[in-house]
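Spelled out from the first residue to the last, the chains are:
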Amino acid sequence: MVDDDFMNNSHAHLSVPDEFYMELALAEAKGAAAKGEVPVGAVVVWQQEVIGRGCNRREERQNALCHAEVLAIEAASSRLQSWRLTDCDIYVTLEPCIMCVGAILQARMRRLVFGCLDPKAGAVESLYRLCDDERLNHRLPATGGVMATDCAFLLADFFRRLRHQKNHVQTAERWPSPVEGA
């Protein structure tokens, strides 16, 4: 016997787990790390389809606005030909900063899902709570901690490697002091 619900495509309402999309955001973040950028990635999802992707590109473009979230929103807006992304969710590996939460709010996005907290710049839970600010005309449901360990490890590993490279270069390029016989 064939299930009528299946034949009527009523299974289309089944949601894809947040972890699936966070894995895609992590792939974007890994791409950023490979280019020497801080490994943050974002994807925008509309009707269970990824319509925008982004990773940090500040160094590459020498532009402070090139955060993963902003680039993913830009791509999604281009795809939908609208700045209003009211039926879209955004998945980000790191708690967004003030600028990025502002962009997400301005785009009127439906939901924000992020990986790990950002105690130095986070504007969702860590330093500010912009998604819940009643003074703003749009509020945003936010879910944090999705694959937080994986997201935090990627960032910690990136900065550990960066510190190691910096220390290695400083040691190799150091001129001998007069005491050392220069």
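The rules behind each value
Residues numbered from 1 in each chain as written. Predicted model: local features only at pLDDT ≥ 70, side-chain atom pairs only at ≥ 80, totals over all residues. Heavy atoms only, no water. Disulfide = S-S within 2.5 Å. Core = buried A, V, L, I, M, F, W, Y, C linked by side-chain atoms within 4.5 Å. Buried < 20%, exposed > 50% of the residue type's maximum accessible area, 1.4 Å probe, protein only. Helix = DSSP H or I, 4+ residues; strand = E, 2+ residues; numbered from the N terminus. Contact = heavy atoms within 4.5 Å. Phe/Tyr/Trp six-rings, centres within 6.5 Å; stacked < 30°, edge-to-face > 60°. Pairing = 2+ DSSP bridges. Axes fitted to C-alpha atoms, helices over the stretch in contact; angles between N-to-C directions. Right-handed = clockwise from strand over helix to strand, strands pointing away. pLDDT = per-residue confidence, 0-100. Parallel < 35°, antiparallel > 145°, perpendicular 65-115°, else oblique. Left-handed = near helix turned anticlockwise from the far one by under 90°. Nonpolar A, V, L, I, M, F, W, Y, C, P; charged D, E, K, R; others polar.

**Student:** Just checking my understanding: could you explain the state of the cysteines for this structure?
**Tutor:** Such a bond, covalent and formed between the sulfur atoms of two cysteines, is termed a disulfide. Tallying each qualifying case throughout the model produces zero disulfides. C55 supplies the cysteine sulfur nearest to C66, a cysteine that is in no disulfide, at a spacing of 9.9 Å.

**Student:** Would you take a moment to explain the nonpolar core for this structure?
**Tutor:** Where a protein is soluble and globular, its nonpolar side chains tend to be buried together. With 40 residues, the main nonpolar core has V44, I90, M109 and L112 as its most contacted residues. Looking at this core, the elements that each hand over two or more residues are α2 (18-34), β1 (41-46), α4 (68-80), β3 (88-94), α5 (98-106), β4 (111-116) and α6 (148-173). Contact partners of M109, with chain neighbours within four places excluded, come to V44, I73, L85, T86, C88, D89, I90, I104, H138 and L140.

**Student:** Help me understand the packing of aromatic side chains in this model?
**Tutor:** Within a pair of aromatic rings, the relevant descriptors are the distance that separates the centres and the angle that separates the planes. This model, assessed by the stated rule, comprises three aromatic pairs. Ring centres 5.2 Å apart and planes at 80 degrees place the aromatic pair F158 and F159 in the edge-to-face group. Pairwise contacts between aromatic rings join F20, Y21 and Y91 into one cluster.

**Student:** What should I look at first to understand the sheet that holds β4 in this one?
**Tutor:** Consider a sheet: its strands pair through backbone hydrogen bonds, and that pairing is either parallel or antiparallel. Pairing is mixed in the open sheet, where five strands are placed in the order β2-β1-β3-β4-β5. Looking along the sheet, the strands with just one partner apiece sit at the ends: β2 (49-55) and β5 (142-143). Note that β1 and β2 share six bridges and pair antiparallel. Bridge pairing in β2 places G41 opposite C55. Against the sheet, α4 makes contact with β1, β2 and β3, and its axis sits at roughly 145 degrees relative to β2, the strand it touches most.

**Student:** Sorry if this is basic, but what is going on with the pairing of β3 here?
**Tutor:** Counting buried residues in β3 gives seven out of seven residues, a clear majority hidden from the surface. Note: β1 against β3, five bridges, orientation antiparallel. Looking at β3, one finds that V45 is bridged to D89. In this fold, the crossover linking β3 to β4 by way of α5 has right-handed handedness.

**Student:** Just to check I follow, could you spell out the confidence of the model for the protein for this structure?
**Tutor:** Low-confidence regions, as indicated by low pLDDT, have predicted coordinates that should not be scrutinised in detail. The pLDDT averaged across the protein works out to 88; a share of 84% of its residues lies at or above 70. Note on residues 1-13: pLDDT under 50 across the span, and five contacts to partners over four residues away in sequence or across chains.

**Student:** Is there a simple way to explain unusual backbone geometry in this structure?
**Tutor:** The general pattern is negative phi for most residues beyond glycine and trans for most peptide bonds. A positive phi is found at Q48, a non-glycine position, where the angle reads about 65 degrees. Topologically, Q48 is positioned in the loop between β1 and β2. Judged by its relative accessible area of 38%, Q48 is partly exposed. Its identity is not glycine, yet R108 carries a phi of approximately 60 degrees, on the positive side.

**Student:** Is there a simple way to explain the packing of α4 against α5 in this structure?
**Tutor:** Angle between the axes and distance between the axes are the two parameters that describe a pair of packed helices. The N-to-C vectors of α4 and α5 enclose an angle of 20 degrees; their axes lie 9 Å apart at closest approach. It follows that α4 is roughly parallel to α5 by the angle criterion. Considering how the two elements wind past one another, α4 and α5 form a crossing that is left-handed. Residues E69, V70 and I73 of α4 lie in contact with α5, whose contacting residues are M99, C100, A103 and I104. Grouping the amino acids of the contact of α4 with α5 by side-chain chemistry returns six nonpolar, no polar and one charged.

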